[in-house]
Amino acid sequence: MRDLTNAFGTKKANKQIKVRDSLNRKEDADTVKETQKKMTELKVNPVATPSDGSQPARNIPHHDILAETPEKAYPLDRIISKQEMDILKYDLEGTLLTDGRVSPDAYPVFVCNRVQKLKEIKDEAERQTLGVILLYMTHLIKFRDQQSIDHRASAKSHRVPEILYKKFSNKFLDEDSGKKKREASGPKNDLLVSHVLVLSLMADEYKSDQTDIARDLRMTMLKLRPHYLNLGCKMVGGGKGKIAQATLPVPLKFPPLEQRRRKKKRV
């Protein structure tokens, strides 16, 4: 329609069109400028943004780097589902909350050393939460041992609930020709270890001694340290014969990860 007006319209009509076009161009420029400003100021949610494969994975639990408290940095309900929580709460009375002594043969050292703390908690909801965390840690550590050729015998009699066994198998074991491997690879093992460490931090109110959890994971504290740092932890209180404790400052700050060098294909 505009082309027809330009070709056959009066001078007055053509002048009106030129003025209108000029105004439209100005408005469009202002709109683009405003849009660019909004895009620059837009904050990207680091939790919701999926990885595009350009960055190496950290192999850590679900997290929120903008969280203002340690509890929100690694939400418990994103590690232990409500259904799993209910099952483990039911198991508490016959396991960690029994009147008898908890055997170190049946439970990790970390868990055994915190049973007394668990029993002394007056608030029932708080006691159940800690109990579930300790039970979940127990199943994770025993599951890891069951997949290890070297340590399978020590966890042979331990029964991991079916719902957890399926979840652990899917999450922490690799697939090989359609069949599950008996032992987790490096990245999957790192993911399992990071889950255990996050739960241990929760159990110790985010100031955790590494000694017993290192023993349970059959790792030296030197080898365990990078796993803590990769979670955003800070080691404090070490030196002069003292063992450093792992804390979780917020907001989370991660150490840089080195990109794997891609081998160039020969043509």
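Cut-offs used in this document
Residues numbered from 1 in each chain as written. Predicted model: local features only at pLDDT ≥ 70, side-chain atom pairs only at ≥ 80, totals over all residues. Heavy atoms only, no water. Helix = DSSP H or I, 4+ residues; strand = E, 2+ residues; numbered from the N terminus. Buried < 20%, exposed > 50% of the residue type's maximum accessible area, 1.4 Å probe, protein only. Contact = heavy atoms within 4.5 Å. Patch = residues over 30% accessible without salt bridge, like charges linked within 9 Å, V, L, I, M, F, W, Y side chains within 5 Å. Areas by Shrake-Rupley, 256 points an atom, 1.4 Å probe, with all protein chains shown as cover. Salt bridge = Lys/Arg side-chain N within 4 Å of Asp/Glu carboxyl O. Lys, Arg positive; Asp, Glu negative; His and termini not counted. Charge placed at Lys NZ, Arg CZ, Asp CG, Glu CD. Phe/Tyr/Trp six-rings, centres within 6.5 Å; stacked < 30°, edge-to-face > 60°. Lys NZ or Arg CZ within 6 Å of the ring centre and 35° of its normal. Pairing = 2+ DSSP bridges. Axes fitted to C-alpha atoms, helices over the stretch in contact; angles between N-to-C directions.

Let us look at the overall build of the chain. Within the chain, the regular secondary structure consists of 11 helices and 5 strands. By the burial criterion, 36% of the 267 residues in the chain qualify as buried. In the chain, the proportion of contacts linking residues at least 24 apart, taken out of those at least 6 apart, comes to 58%.

Turning to a negative patch on the surface, a few remarks are in order. A grouping of E93, D123, E124 and E126 is seen on the molecular surface, where their side chains present a negatively charged patch. Relative to the helices and strands, E124 is located in helix α7 (residues 124–146).

A separate point is the packing of aromatic side chains. In this description, a pair of aromatic rings is defined by centroid distance and the angle of the planes. Across all of its chains, the model carries 4 aromatic pairs by this definition. Consider the rings of Y136 and F168, whose centres lie 5.6 Å apart with planes at 85°: the pair is edge-to-face. Taken together, the residues span a long stretch of sequence, with Y136 in helix α7 and F168 in helix α8 (residues 162–172) at a distance of 32 residues. Residue classification places F168 among the buried positions, given a relative accessible area of 0%. In this structure an aromatic cluster arises from ring pairing among Y136, F143, Y165, F168 and F172. Sitting over the face of the ring of F110, R114 holds its NZ or CZ atom 3.6 Å from the ring centroid.

We now examine unusual backbone geometry. Cis geometry is adopted by the peptide bond preceding P251, which originates at V250 and carries an omega value of -5°. When you line up the elements, P251 lands in the segment after β5 (245–247). Not every positive phi belongs to a glycine, and E205 is a case in point at roughly 55°. With respect to the element layout, E205 can be found in the loop between α9 (186–203) and β3 (207–209). When its relative accessible area of 58% is taken as the criterion, E205 is described as exposed. The backbone of Y206 sits at a positive phi, close to 65°, despite the residue not being glycine. In this structure, Y206 sits in the loop between α9 and β3.

Turning to the sheet that holds β5, a few remarks are in order. Strands sit in the order β3-β5-β4 across an open sheet of 3 strands; the sheet is antiparallel. Strands at the two margins of the open sheet, each flanked by one partner only, are β3 and β4 (234–236). Strand-to-strand twist of the sheet, defined as the mean angle between neighbouring strand axes without regard to direction, takes the value 35°.

Just geometry here; none of it tells us what the structure is for.
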